[in-house]
Amino acid sequence: TMHPDWRLFLQNQSLVAFEDIYKNAQLMLMSLDHYGVIEVSGKDAKSFLQGQLTLNMNLIQPAQGGYGGYCNLKGRLHALFYLVQTDEAYRLILPKSNITHLLETLKKYALFSKVVLNDKTDALAIAGALNARALPILLEKGNYQVSQQSNLTFIAIPEDRGLLLGSAADMEAFWQSMRCPKTTGTLWDYADIQAGIPMLTKETLEVFLPHYLNLKELGALNFEKGCYLGQEIIARMEFKATIKQHLIKGTLQDSTPLIPGVELFNPGSDNPIGQIVNAVQTPKGIELLLTVKDEALEQAVLLNNQKEIMIHPIN
């Protein structure tokens, strides 16, 4: 549950209309209370994660982070996350609905390693920043670089965004010092979709292969790091297969909430051509990330065999 002081502070902030967010360059901070944090610490933390994640942990130095995945032995994704390395530990930031699954799965493989795995969701406030150029600390270095200020951890994210981690009290003090308005955390999910960055929820655990979600293009796959869970399947797809399914964006003029994992079809066909990965309701409709077979894009892409989804390339 969210820290009560943090919740009270957020309730007292002014809300900004969704459609106004991208019309100016004003810094926007939002509480990501639908996200959580898993902390991995201990003597073997780095080597343990090296054998688990798609990222090459040897390339991630102190005060750095990244975006990556965690697969099962069949190469299907358990989770997608933002990773942050601090002096004390590694932190995985991901949708809260996937925290329990990921923590339990990691613990199964941690029995013989000197690592400590903790759910830090209740101990840390998580905020997202849009138009983060107004925070100079996020621009001192490149994407996924980590900085510390006011007892907070700052992570630079592509598309002029940032993540902030810290105690509720420190986050509140920083937020007040910035004198910027609060906006809904849904905008972070919207920004992820616009950037083509997928996230998994409880409905899509162990469903998608990394190549189908463009993880190579996002720098979330490393083919030189050696063995990790699912590596054999993923390498075979990279070097011996032709990838025929990719991540794309879509819009749907509808107001019915969509659940990730729902299958998509071409007209007149009962064979699924893809699935919804992420969906966000906006005042003008639904913004989507979809994974669809390339050949299926020659025809209309339908939801429930009746509602057509307008397809857009990821920039």
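Residues numbered from 1 in each chain as written. Predicted model: local features only at pLDDT ≥ 70, side-chain atom pairs only at ≥ 80, totals over all residues. Heavy atoms only, no water.

(A) How the structure looks around the overall build of the protein. Looking only at helices and strands, one finds six helices and 16 strands in the protein. Residues counted as buried form 55% of the 315 residues belonging to the protein. Pairs at least 24 residues apart make up 69% of the contacts formed inside the protein by residues separated by at least 6 positions. When the accessible surface of the protein is totalled, it reaches about 14500 Å², and 48% of it is carbon and sulfur. (Helix = DSSP H or I, 4+ residues; strand = E, 2+ residues; numbered from the N terminus. Buried < 20%, exposed > 50% of the residue type's maximum accessible area, 1.4 Å probe, protein only. Contact = heavy atoms within 4.5 Å. Areas by Shrake-Rupley, 256 points an atom, 1.4 Å probe, with all protein chains shown as cover.)

(B) Representation of the sheet that holds strand 15 (residues 301-303) within the structure. The strand order 11-14-13-12-15-16 describes a closed barrel built from six strands, whose pairing is antiparallel. Averaged over neighbouring strand pairs, the angle between their axes works out to 45° when direction is ignored. As defined by bridge partners, strand 12 (residues 263-265) adjoins strand 15 across two bridges and the pair is classed as antiparallel. Its bridge partner being in strand 15, leucine 264 is matched across the sheet by leucine 303. Sitting on the sheet, helix 5 (residues 186-195) touches strand 11 (245-252), strand 13 (274-282) and strand 14 (285-293), and the angle it makes with strand 13 is about 135°. (Pairing = 2+ DSSP bridges. Axes fitted to C-alpha atoms, helices over the stretch in contact; angles between N-to-C directions.)

(C) Local environment of the sheet that holds strand 10 (residues 161-166). Read from one edge of the open sheet, five strands run 1-7-10-9-8, paired in antiparallel fashion. Edge strands, defined here as strands with exactly one partner in the open sheet, are strand 1 (28-31) and strand 8 (146-149). Mean inter-strand twist for the sheet, computed between neighbouring axes without regard to direction, equals 25°. In the sheet, strand 7 (residues 125-130) pairs with strand 10 via six bridges, with the strands oriented antiparallel. Bridging across to strand 10, alanine 125 finds its partner in glycine 166.

(D) Layout of helix 6 (residues 231-240). Within helix 6, burial applies to Ile234, Ala235, Met237 and Glu238. When helix 6 is viewed along its axis, its buried side chains cluster within an angular range of 160° and face the same direction. Turned more than 90 degrees off the buried face of helix 6, the exposed positions are Glu232, Phe239 and Lys240. Buried residues in helix 6 make contact with strand 3 (65-71). (Arc of directions from axis to C-beta.)

(E) Local environment of the nonpolar core. Ranked by size, the top nonpolar core spans 41 residues in total, and within it Tyr67, Tyr82, Ile93 and Leu213 carry the most contacts. Element by element, the count of residues in this core is highest for helix 5, at six residues. The contact partners of leucine 213, leaving out residues within four places of it in the chain, are Leu77, Leu80, Pro198, Leu200, Phe208, Leu218, Leu247, Val277 and Thr291. If you look at the next biggest cluster of nonpolar residues, it comprises 24 residues, including Ala45, Leu49, Leu92 and Leu229. (Core = buried A, V, L, I, M, F, W, Y, C linked by side-chain atoms within 4.5 Å.)

(F) Spatial organisation of the pairing of strand 16 (residues 307-312). Across three bridges, strand 11 lies against strand 16 in antiparallel orientation. Residue pairing for strand 16: threonine 251 is matched across the bridge by methionine 310. The antiparallel hairpin formed by strand 15 and strand 16 contains three residues in its connecting segment, where asparagine 304 sits at a positive phi of about 55°.

(G) Main features of the pattern of salt bridges. Per the stated rule, a full pass over the model turns up five salt bridges. Note that arginine 91 and glutamate 39 form a salt bridge whose closest N and O atoms lie 3.0 Å from each other. Of this pair, arginine 91 sits in strand 5 (residues 90-95) while glutamate 39 sits in strand 2 (residues 35-41), and the two are 52 residues apart along the sequence. Look at arginine 91 and you get buried, because its relative accessible area is 15%. The salt bridge involving lysine 216 is made with glutamate 238; its shortest N-O contact spans 2.6 Å. Within this pair, whereas lysine 216 is found in the loop between helix 5 and helix 6, its partner glutamate 238 is found in helix 6, the two being separated by 22 residues in sequence. Classification of lysine 216 as partly exposed rests on a relative accessible area of 42%. (Salt bridge = Lys/Arg side-chain N within 4 Å of Asp/Glu carboxyl O.)

(H) How the structure looks around the layout of surface pockets. Approximately 270 Å³ is the volume found for the largest pocket. Residue lining of the largest pocket: 14 residues in total, with His34, Pro95, Asp189, Thr201 and Asn278 positioned closest to the centre. Looking at the lining of the largest pocket, its residues break down into eight nonpolar, four polar and two charged. (1 Å grid on protein atoms, 1.4 Å probe; cavity = no way out; pocket = protein on both sides within 12 Å on 5 of 7 lines; lining within 4 Å. Points joined across faces, edges and corners; volume = space filled by probe spheres on them. Nonpolar A, V, L, I, M, F, W, Y, C, P; charged D, E, K, R; others polar.)

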